[in-house]
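# Descriptive structure summary
What follows is the residue order along each chain.
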Amino acid sequence: MTLKLYGRLQSTNTQRVILILKEKKIPYELVEVEFGQNNQPERLQFQPFAEIPYIDDDGFILYESRAIARYLVAAYPEHGPTLVPPPSAGLRAQALFEQALSVEAFNFYPTVSSILMERLFKPFIGQTPDEAEIATLTEKLDARLAGYERVLSKSKYLAGDEVTLADLFHIPLLTLFGLGQIDDFTNDEKVKKWPSVARWANELVQRGSVQA
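Because the structure is predicted, anything quoted here is derived from the model rather than measured.

The next point concerns the UniProt feature "domain: GST N-terminal" (unreviewed entry) in the protein chain. Under the feature "domain: GST N-terminal" (unreviewed entry), the UniProt entry names residues 1-80. Counted over residues 1-80, helix gives 35% and strand 22%. Its end C-alpha atoms are 19 Å apart.

So, on to the pattern of salt bridges. Scanning all chains against the criterion turns up eight salt bridges. Between Glu-104 and Arg-66 there is a salt bridge; the shortest N-O distance is 2.9 Å. Of this pair, Glu-104 sits in helix α4 (residues 91-124) while Arg-66 is found in helix α3 (residues 65-75), placing the two residues 38 residues apart along the sequence. Here Glu-104 falls in the buried class, since its relative accessible area comes to 1%. Across the salt bridge formed by Asp-183 and Lys-190, the nearest N and O atoms sit 3.0 Å from each other. Put simply, Asp-142, Asp-183, Asp-184 and Lys-190 are held in one network by salt bridges that share partners.

Right, let's get into the packing of α4 against helix α5 (residues 131-152). At their nearest, the axes of α4 and α5 sit 9 Å apart, and the two run at 150° to each other. Classed by the angle they form, the pair α4 and α5 counts as roughly antiparallel. Two packed elements cross with a definite hand, and for α4 against α5 that hand is left-handed. Touching Val-103, Glu-104, Asn-107, Phe-108, Thr-111, Val-112, Ser-114, Ile-115, Glu-118 and Arg-119 of α4 are Glu-131, Glu-133, Ile-134, Leu-137, Thr-138, Lys-140, Leu-141, Arg-144 and Tyr-148, all from α5.

Quick look at the UniProt feature "domain: GST C-terminal" (unreviewed entry) in the protein chain now. Per the UniProt record, "domain: GST C-terminal" (unreviewed entry) is annotated on residues 90-212. A distance of 33 Å separates the end C-alpha atoms of residues 90-212, which is 69% helix and 0% strand.

A separate point is the layout of surface pockets. In this structure, the largest pocket spans a volume of roughly 960 Å³. Gln-10, Ser-11, Thr-12, Asn-13 and Phe-121 are, among the 27 residues lining the largest pocket, the residues nearest its centre. Among the elements of the structure, α1 (12-24), α3 and α4 are those that each provide at least two residues to the lining of the largest pocket. Looking at the lining of the largest pocket, the element that brings in the most residues is α4, giving seven residues.

Here the focus is a nonpolar patch on the surface. Where nonpolar side chains cluster on the molecular surface, the patch consists of Met-117, Phe-121, Phe-124 and Ile-125 and spans about 420 Å² of accessible area. You can see Phe-121 is positioned in helix α4. Residue classification places Phe-121 among the partly exposed positions, given a relative accessible area of 41%.

Relative to the helices and strands, Glu-78 resides in the loop between α3 and α4. According to the relative accessible area criterion, Glu-78 is exposed, its value standing at 57%. Of note is the side chain of Glu-78, whose polar atom sits 3.3 Å from the side chain of His-79.

Quick look at the packing of aromatic side chains now. Taken as a whole, this structure holds eight aromatic pairs when the rule is applied. Judged by centre distance (5.7 Å) and plane angle (50°), the ring pair of Tyr-148 and Trp-200 falls under tilted. Here Tyr-148, found in helix α5, pairs with Trp-200, found in helix α9 (residues 195-205); they are 52 residues apart in sequence, far enough to count as distant. An identical accessibility class is assigned to Tyr-148 and Trp-200; each is buried. Members of the aromatic cluster, each reached through a chain of ring pairs, are Phe-108, Tyr-148, Phe-177, Phe-185 and Trp-200. The ring of Phe-35 has Arg-8 sitting right over it, with the charged end atom 3.9 Å from the ring centre. Just above the ring of Tyr-109 sits the side chain of Arg-66; from NZ or CZ to the centre is 5.0 Å.

The rules behind these values
- Residues numbered from 1 in each chain as written.
- Predicted model: local features only at pLDDT ≥ 70, side-chain atom pairs only at ≥ 80, totals over all residues.
- Heavy atoms only, no water.
- UniProt positions renumbered as here; feature names shortened; annotations may be inferred.
- Helix = DSSP H or I, 4+ residues; strand = E, 2+ residues; numbered from the N terminus.
- Salt bridge = Lys/Arg side-chain N within 4 Å of Asp/Glu carboxyl O.
- Buried < 20%, exposed > 50% of the residue type's maximum accessible area, 1.4 Å probe, protein only.
- Axes fitted to C-alpha atoms, helices over the stretch in contact; angles between N-to-C directions.
- Parallel < 35°, antiparallel > 145°, perpendicular 65-115°, else oblique.
- Left-handed = near helix turned anticlockwise from the far one by under 90°.
- Contact = heavy atoms within 4.5 Å.
- 1 Å grid on protein atoms, 1.4 Å probe; cavity = no way out; pocket = protein on both sides within 12 Å on 5 of 7 lines; lining within 4 Å.
- Points joined across faces, edges and corners; volume = space filled by probe spheres on them.
- Patch = residues over 30% accessible without salt bridge, like charges linked within 9 Å, V, L, I, M, F, W, Y side chains within 5 Å.
- Areas by Shrake-Rupley, 256 points an atom, 1.4 Å probe, with all protein chains shown as cover.
- Polar contact = N/O pair within 3.5 Å; in protein donor to acceptor, adjacent residues only side chain to side chain.
- Phe/Tyr/Trp six-rings, centres within 6.5 Å; stacked < 30°, edge-to-face > 60°.
- Lys NZ or Arg CZ within 6 Å of the ring centre and 35° of its normal.

So, in structure tokens, the structure goes:
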């Protein structure tokens with residue numbers, strides 16, 4: 001059976017899973033879940049928190065986009081790149097990979113998603129962005145990106161010299177920087193401050209999976 005992905009194309013969490021499916025070249029069917037359908041009983045039996053996405057892989061149901069991605073690389077090793085350090089890479093490589101995953105989940109995602117909430121979601125629902133909050137979050141993001149520069153000035157990717165899930169997980173939000181008026185990779189002054197981050201981010205958003 002073809003793997004089914006339940007979600008919405010506009011959802012960054014759904015996009016995160018699609019990126020991995022494209023990277024791994026895994027056949028799938030996207031089942032669009034419209035706004036409001038998350039709370040329907042037939043959905044809640046598969047995603048008890050009324051969120052998206054979730055997958056149905058031959059009867060195996062799994063939710064949470066990062067967990068789905070980890071499952072896909074393990075369940076389909078013969079498809080596409082590995083995207084995780086192989087066991088032969090050793091314990092330290094595995095630890096660096098887990099560290100990079102944590103950086104995305106706890107340093108990048110909360111800050112950037114909060115800015116995008118103010119810049120994009122609030123106007124969409126008729127609310128006014130909190131410019132003071134945006135200024136605070138932007139300052140916080142700049143501090144985070146300074147940390148990224150320290151890492152990426154020493155390695156091509158966050159966990160070493162091979163791209164992994166930890167890098168790819170950033171892409172859905174990176175592609176929204178322009179719409180969210182986040183100028184860290186277009187402002188010449190900022191690019192000069194963290195050229196390694198700009199190089200890494202621009203390379204990620206130009207990957208074939210993103211274009212697909």
